[in-house]
Each structure stands twice: as structure tokens, then as C-alpha cells.
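Structural description and commentary
Each chain, letter by letter, is given below.
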Amino acid sequence: SREIHLKSRPAGTPTQAHFELATVELPAPSAGEVLVKNLYMSVDPYMRGRMYDRPSYVPPFQVGEVLQGGAVGEVVSSNDPGFKPGDLVNSMFGWREAYVAPGSALQKLPAIEGVPVQAFLGILGMPGLTAWSGLTQIGEPKDGDTVFVSGGAGAVGSAVAQIAKIKGCTVVATAGTDEKVAWLRSAGIDHAINYKSAPSLLGAVRDAVPKGIDVYFDNVGGEHLEVALELARPFARLVECGMIANYNATEPVEGPRNIMYIVGKSLKMQGFIVTQFAGLQTQFQAEMGGWIQQGKIRWEETIFDGIAKAPDAFIGLFSGSNTGKMLVKLA
Ligand code: NDP
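Residues numbered from 1 in each chain as written. Predicted model: local features only at pLDDT ≥ 70, side-chain atom pairs only at ≥ 80, totals over all residues.

As annotated in an unreviewed UniProt entry, the chain is NADP-dependent oxidoreductase from Sandaracinobacter neustonicus.

**Focus on the pairing of strand 14 (residues 301-305)**
We apply this condition: At least two DSSP bridges between two strands are needed for those strands to be called paired. Helix numbers and strand numbers start at the N terminus; a helix is a DSSP run of H or I with at least 4 residues, a strand a run of E with at least 2. Call a crossover right-handed when, viewed with both strands pointing away from you, the route from the first strand across the helix to the second goes clockwise.
Note: strand 14 against strand 15 (residues 325-329), five bridges, orientation parallel. By the bridge assignment for strand 15, T302 is matched with M326. Read from strand 14 through helix 9 (residues 310-316) to strand 15, the crossover connection turns out right-handed.

**Examining the site of the ligand**
What counts is decided by this rule: Being near a molecule or strand means, for a residue, that its backbone-placed C-beta atom lies within 6 Å of it. All residues other than Ala, Val, Leu, Ile, Met, Phe, Trp, Tyr, Cys, Pro, Asp, Glu, Lys and Arg, Gly among them, are scored as polar; the first ten of these are nonpolar and the last four charged. Each domain's extent was defined by an automatic or database domain assignment.
If you check the shell around the ligand, you find 29 residues, and the closest are G154, V156, G176, G242 and G320. It is helix 3 (residues 155-166) that contributes the most residues to the shell around the ligand, three residues altogether. Grouping the constituent residues of the shell around the ligand by class yields 17 nonpolar, 10 polar and two charged. Viewed by domain, the shell around the ligand spans two of them, domain 1 (2-122 + 300-329) and domain 2 (127-275), each represented by three or more residues.

**Digging into the UniProt feature "domain: Enoyl reductase (ER)" (unreviewed entry) in the chain**
Rules: UniProt positions are given in the numbering used here, feature names are shortened, and annotations may be inferred rather than shown by experiment.
UniProt records the feature "domain: Enoyl reductase (ER)" (unreviewed entry) for residues 12-328 in the present numbering. Structurally, residues 12-328 is divided into 26% helix and 24% strand, and its ends, taken at the C-alpha atoms, are 23 Å apart.

**Quick look at the sheet that holds strand 13 (residues 268-271)**
Threshold: Orientation is described by axes fitted as lines to C-alpha atoms, over the contacting stretch for helices, and by angles from 0 to 180 degrees between their N-to-C directions. Whether two residues are in contact is decided by their C-beta atoms, placed from the backbone, lying within 7 Å.
Read across the open sheet, the six strands follow the order 10-9-8-11-12-13; overall the sheet is parallel. For this open sheet the edge positions go to strand 10 (191-194) and strand 13, each flanked by a neighbour on one side alone. Within this sheet the neighbouring strands show an average axis-to-axis angle of 15 degrees, counted without direction. Note: strand 12 (residues 232-240) against strand 13, four bridges, orientation parallel. Bridge pairing links E240 to G271 in strand 13. Along the sheet face, helix 4 (residues 178-186) touches strand 9 (170-175) and strand 10 and points at about 175 degrees away from the line of strand 10.

**Some details on the packing of helix 2 (residues 126-139) against helix 3**
Heads up, the rule is: If an angle is under 35 degrees, it is roughly parallel; if it is over 145, roughly antiparallel; if it lies from 65 to 115, roughly perpendicular; otherwise it is oblique. Should the near helix be turned counterclockwise from the far one by less than a right angle, the crossing is left-handed, whereas a clockwise turn marks it as right-handed.
Where helix 2 contacts helix 3, the axes come no closer than 8 Å and their chain directions differ by 45 degrees. Here helix 2 is positioned oblique relative to helix 3, judged by the angle of their axes. In terms of crossing hand, the pair formed by helix 2 and helix 3 is right-handed. Counted together, P127, G128, T130, A131, W132 and L135 of helix 2 and A155, V156, A159, V160, I163 and A164 of helix 3 form the full contact between these two elements. Broken down by class, the residue content of the contact of helix 2 with helix 3 amounts to 10 nonpolar, two polar and no charged.

**Points about the nonpolar core**
To keep it simple, the criterion reads: Under the definition applied here, buried Ala, Val, Leu, Ile, Met, Phe, Trp, Tyr and Cys residues are grouped into a nonpolar core through C-beta atoms within 7 Å. Counting other C-beta atoms within 10 Å of each residue's C-beta, where C-beta atoms are placed from the backbone, gives the exposure class: buried for 20 or more, exposed for 12 or fewer, partly exposed between.
Membership of the largest hydrophobic core comes to 88 residues, with the highest contact counts inside it found for V160, L184, Y216 and A228. Top contributing element to this core by residue count: helix 3, with seven residues. Structurally, this core is a two-domain feature, drawing no fewer than three residues from each of domain 1 (2-122 + 300-329) and domain 2 (127-275).

**Quick notes on the packing of helix 5 (residues 201-208) against helix 6 (residues 222-231)**
The description of two packed helices rests on the angle between their axes and on the distance between the axes. Closest axis-to-axis distance for the helix 5/helix 6 pair is 10 Å, and the angle between their directions is 40 degrees. Relative to helix 6, the element helix 5 is oriented oblique. Regarding helix 5 and helix 6, the two cross each other, and that crossing is right-handed. Contacts from L201, L202, V205 and R206 of helix 5 reach helix 6 at E223, V227, E230 and L231. When its residues are assigned to classes, the contact of helix 5 with helix 6 shows five nonpolar, no polar and three charged.

**Thoughts on unusual backbone geometry**
Positive phi values are uncommon outside glycine, yet F235 reaches one of about 70 degrees. Among the structural elements, F235 can be located in strand 12. Since 10 C-beta atoms lie within 10 Å of it, F235 is described here as exposed. Phi angles above zero are rare outside glycine, and S266 is one such case at about 50 degrees. When you line up the elements, S266 lands in the loop between helix 7 (261-264) and strand 13. We classify S266 as exposed; it has 12 C-beta atoms within 10 Å.

This is the structure:
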């Protein structure tokens with residue numbers, strides 16, 4: 001079975017040279033263990049943080065060892081009475097074609113009609129929960145609010161934008177290509193802006209929503225966050241989900257130069273890590289599953305084929321080569 005190891009820690013944007021494809025021999029599952037063949041693995045921006053050797057909310061990846069991440073797979077053989085061949089499972093044993101692990105480390109996937117298995121790495125999985133919980137629990141959008149979301153065509157952002165529409169909000173979203181912008185419009189998003197080609201990001205967002213914004217869902221940081229502070233209405237909520245514009249920075253980045261608005265406009269700015277909302281998982285899957293079945297939520301996937309392409313898929317997150325969820329198909 002093949003897997004991807006961290007070869008060295010990147011400084012700046014990761015390249016192929018930081019990864020290594022390795023072949024390993026898998027043991028037969030012993031008591032309580034299960035052999036799983038992965039079908040899809042996820043690559044996510046947060047993995048960049050785990051490539052730094054520093055304390056964080058998840059431990060760093062180790063050089064010379066296999067990487068970790070979300071994956072959905074199929075049980076091949078089982079020595080755990082709770083699992084049988086053919087069961088579909090979610091795990092954190094991504095970046096490898098197959099693995100042997102204790103059954104206790106796996107979650108069986110619920111069957112939701114009309115939903116492909118890889119959706120549990122995207123719209124119905126961690127990114128979906130991130131969007132849903134961050135928006136509803138921290139952003140607290142009210143009917144008629146204006147919601148601004150950066151990284152709008154990504155896995156999290158495209159879910160945020162559509163959930164905000166369901167909640168009766170006007171939505172302005174940014175993305176890095178005209179194709180992504182067109183997709184957001186086709187999904188019913190009121191205003192979609194190509195932040196790379198707009199002469200002024202502030203001008204473009206202000207033109208779209210001249211009365212300002214009530215909620216900002218931040219996936220990007222940097223200039224987007226400054227624009228959000230500039231256009232925030234009194235008592236706006238800034239949901240700090242991610243700041244991908246900074247993840248590969250080699251020097252400390254400048255903070256938002258207009259942070260002082262947080263005082264005068266009585267803003268609320270709150271970060272979060274999705275695991276703090278794990279208790280809402282069942283409620284989330286029920287609500288999101290319902291929206292999917294009612295045709296209220298759409299999603300895109302960008303799929304790279306084969307374990308050897310996993311580093312390319314991951315690196316592509318930082319140049320925007322994905323629309324919607326970035327995945328690697330393994331079997
Ligand atoms: P995406 O599917 O959104 O993929 C990343 C996207 O970010 C790219 O497609 C690209 O789109 C955009 N991007 C990359 N570099 C930049 C840049 N310098 N400036 C602006 N946009 C950029 O990833 P996810 O949906 O998985 O994650 C989105 C954000 O949410 C990330 O910040 C991530 O870290 C965060 N996150 C946080 C979680 C939490 O618990 N707090 C959990 C999950 C995700 P484009 O073409 O538009 O530039």
C-alpha cells in the first residue's frame with residue numbers, strides 16, 4: 001500500500017519536494033482492528049499549519065512519517081465485531097491507500113440518500129460543519145442581514161454563502177476566477193466578485209452592498225478582513241474561520257490597519273475551531289441532509305486521481321486550483 005510522507009518542513013509555499021511517496025506492508029488486522037481501503041482522502045488548508053513544528057490545537061506532522069487527514073474508505077476485513085467487509089467508514093487515516101486501525105478510531109458513515117460517499121469529506125463533513133456552525137453559532141445571521149464571505153467558491157465558503165441565502169440574507173462572496181464567480185451566481189448568490197481582477201476589492205464590495213455588512217465570514221484574512229472592517233455596520237459579527245492568505249507567510253504579517261473600527265462600531269470578532277462544535281454534528285447532518293434533498297444546497301468537487309497526486313492537490317489549495325471541495329480519489 002502506498003502513502004505520502006512529509007519529507008521536510010516547507011518554508012513558504014509547499015512544493016513537491018516536501019513530500020515523498022512511500023510503499024508499506026500492511027499487517028493483517030489483529031483483535032479489535034480493521035483493514036480499510038480508502039476511497040477518497042481530503043486535503044485541507046489547516047494541514048499547512050501542521051507542517052510547522054510548533055504547539056497548536058493539533059500536534060505537528062513529523063518529518064519522515066505518514067501525513068494524516070480525513071478519509072472515507074471501505075472495510076476489507078475486520079477483526080472488530082462492530083465492522084464487516086463493505087462497511088463505509090470515515091477516519092483521520094488519509095494520505096494513504098489503505099490502513100489497519102482499531103475499529104474504535106473509525107466512524108461508520110450514515111446512509112443519506114442521493115449523497116455520494118465523498119460528500120462526507122465536504123458538504124456533509126468537516127467543511128460543511130465548519131460553515132454551518134461558524135455561521136449560525138457565531139455569525140448569527142438574521143433575516144434581511146447582509147453577509148460577506150471570502151473564499152466564497154471553496155468548500156467552506158460556498159456552503160456559508162448558500163446557508164446564508166437559506167437564512168434570508170443578501171450575500172456577497174469573493175473568489176479568484178471568473179468561472180468560480182459564475183458558479184456562485186448560478187447557485188443563487190446575490191453578488192459574486194473576482195477579487196483578483198477587481199480594480200479595488202473595497203470598491204467592488206461597497207458597490208455590491210452600499211449599506212454595508214452585518215456578518216463577515218473570514219476564510220482569507222489580509223485585505224479581505226480590512227474590507228470587512230471598513231464596511232461593517234454597527235454590531236456586525238466577524239466570524240474568524242481561517243486566514244489562508246497568511247498560511248505560507250515567511251515573515252510576520254501586518255494586522256488589519258483599520259482594526260480600531262472594532263471599538264467605534266461595536267463589532268464582535270470571534271475565531272473558532274470546528275471541533276468545538278462536534279456536539280452539533282447530528283443536528284448539522286440532519287439539517288444539511290434535508291437541504292440537499294430539497295435541492296437548496298449545491299456543491300462542487302475538484303478531484304485529483306491517485307495517491308501520487310495528493311501533494312499536487314494540497315499545493316493547489318494555495319493557488320485556488322479547486323472549485324468547491326478539493327479531494328483525491330484513491331480507489
Ligand atoms: P477551500 O476549498 O476554500 O480552498 C482554499 C481556497 O482559498 C482556494 O481555492 C483559493 O480560492 C483560496 N485562496 C488561496 N490562497 C488565497 C489568498 N492568498 N487569498 C485569497 N484566497 C486564497 O478550503 P476550505 O474550504 O477547506 O477552507 C477555507 C478556509 O476555512 C481556510 O482558511 C481554512 O483554513 C478554514 N477552515 C477553518 C476551520 C476551522 O475549524 N476554523 C475548519 C476548516 C477550514 P480562490 O481561487 O478564490 O483564491
